[in-house]
Amino acid sequence: KAGVTQTPRYLIKTRGQQVTLSCSPISGHRSVSWYQQTPGQGLQFLFEYFSETQRNKGNFPGRFSGRQFSNSRSEMNVSTLELGDSALYLCASSLYPLGEGRKSPLHFGNGTRLTVT
Amino acid sequence: ELKVEQNPLFLSMQEGKNYTIYCNYSTTSDRLYWYRQDPGKSLESLFVLLSNGAVKQEGRLMASLDTKARLSTLHITAAVHDLSATYFCAVDSRGDYKLSFGAGTTVTVRA
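To keep things clear, this report deals only with the structure shown in the data block. (Residues numbered from 1 in each chain as written. Chains lettered and ligands numbered in written order. Predicted model: local features only at pLDDT ≥ 70, side-chain atom pairs only at ≥ 80, totals over all residues. Heavy atoms only, no water.)

### Considering the overall build of chain B
For the record, the criterion: Helix and strand labels come from DSSP, where a helix needs a run of H or I of at least four residues and a strand needs a run of E of at least two; each type is numbered from the N terminus. In this description the radius of gyration comes from C-alpha coordinates, and the expected globular size is given by 2.2 Å times residues to the power 0.38. Three labels apply to residues, based on accessible area from a 1.4 Å probe with only protein chains included: buried if under 20% of the type maximum, exposed if over 50%, partly exposed otherwise in between. Contacts: residue pairs with any heavy atoms within 4.5 Å of one another. For the accessible areas, the method is Shrake-Rupley and the probe is 1.4 Å, while residue cover comes only from the protein chains on display. Under this rule, positive means Lys or Arg and negative means Asp or Glu; His and the chain ends count for nothing. The location of each charge is read from NZ of Lys, CZ of Arg, CG of Asp or CD of Glu.
Summing up its helical and strand segments, chain B has 0 helices and 11 strands in all. Each helix and strand of chain B, ordered N terminal to C terminal, gives the series β-β-β-β-β-β-β-β-β-β-β. The C-alpha atoms of chain B give a radius of gyration of 13 Å, which matches the 13 Å a tight globule of 111 residues would have. Seen through its C-alpha atoms, chain B measures out along the principal axes to roughly 45 × 30 × 20 Å. Taking all 111 residues of chain B together, the buried fraction comes to 46%. Contacts spanning at least 24 positions in sequence make up 54% of the contacts within chain B whose residues lie at least 6 apart. When the accessible surface of chain B is summed, it comes to about 5200 Å², and 49% of that surface belongs to carbon and sulfur atoms. For chain B, the centre of its 12 positive side-chain charges and the centre of its 11 negative side-chain charges are spaced 2 Å apart.

The following block contains the structure:
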């Protein structure tokens, strides 16, 4: 079974630009959640999508947005990039959505490392 | 808001000895996860703990969950070099609809 696929693996962008990251979940998984990992803030929840609906969003500005398609693939977009957006962005897929108490591991992709200069 | 605290943040282990990593969380949990991350890599799922008293073991790692104390432990038996990594616990709470991570414990195993 193919794992979670994130593209691209690496990105270098300039301040003020925008970026779109992609995540293809494990086949059959309808929950996709996104996380930002930085040395200073650790792993922080960005948002989760389940059946094309955003169920929750973390404490991030509106520049961070996402969507999910009918095939469960998800994209996240960051507009007007800032230096502080440099991070490893991870997505995870799961059979069941977060917060519903059903036992199901989250499978993480390899991440997209974004560098903003 | 759900808070997850891990300790210690850094752990230098001697090969062959036993150690424990602690994960405390602030509200009722539905699922508690343990992940391993090697430098520059993604997160590898180790355990999913669902109910009070749950205990899972895989090789030299054993995780347990006490929902009344809001505490999970990751016990490492007879540490070996291959266990050097950063270990994260994460909590998924009913109605919270997000996954909250601890700060991670960086483990270094020395001979």
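### Quick notes on the overall build of chain A
Helix and strand counts for chain A stand at 0 helices and 11 strands. When the helices and strands of chain A are listed from N to C terminus, the series reads β-β-β-β-β-β-β-β-β-β-β. Over its C-alpha trace chain A gives a radius of gyration of 13 Å, about what one expects of a compact globule, namely 13 Å for 117 residues. Taken over the C-alpha atoms alone, chain A extends approximately 40 × 25 × 25 Å along its principal axes. Across the 117 residues of chain A, 50% fall into the buried class. Partitioning the intrachain contacts of chain A with sequence separation of at least 6 by distance along the chain shows that 56% fall at a separation of at least 24. As displayed, chain A offers around 5400 Å² of accessible surface, 46% of which is attributable to carbon and sulfur atoms. Averaging the positions of the 13 positive and the 6 negative side-chain charges in chain A gives two centres separated by 5 Å.

### Describing the sheet that holds strand S7 (residues 64–68) of chain A
The strands making up a sheet associate through backbone hydrogen bonding, with each pair oriented either parallel or antiparallel. All names here are of chain A. Keep this limit in mind: A pair of strands counts as paired when DSSP detects no fewer than two bridges linking them. Interaxial angle, 0 to 180 degrees, is taken between N-to-C directions of lines fitted to C-alpha atoms, where a helix line uses only the stretch in contact.
The strand order across the open sheet built from 4 strands is S1-S3-S8-S7, with neighbouring strands paired in antiparallel fashion. Since the sheet does not close on itself, it has two edges, and those belong to strand S1 (5–7) and S7, each with one partner. Each adjacent strand pair in this sheet contributes to an overall mean axis angle of 15°, direction not counted. Here 5 bridges tie S7 to strand S8 (residues 74–78), and the two strands are oriented antiparallel to one another. Among the inter-strand pairings, arginine 67 is bridged to a residue of S8, identified as glutamate 75.

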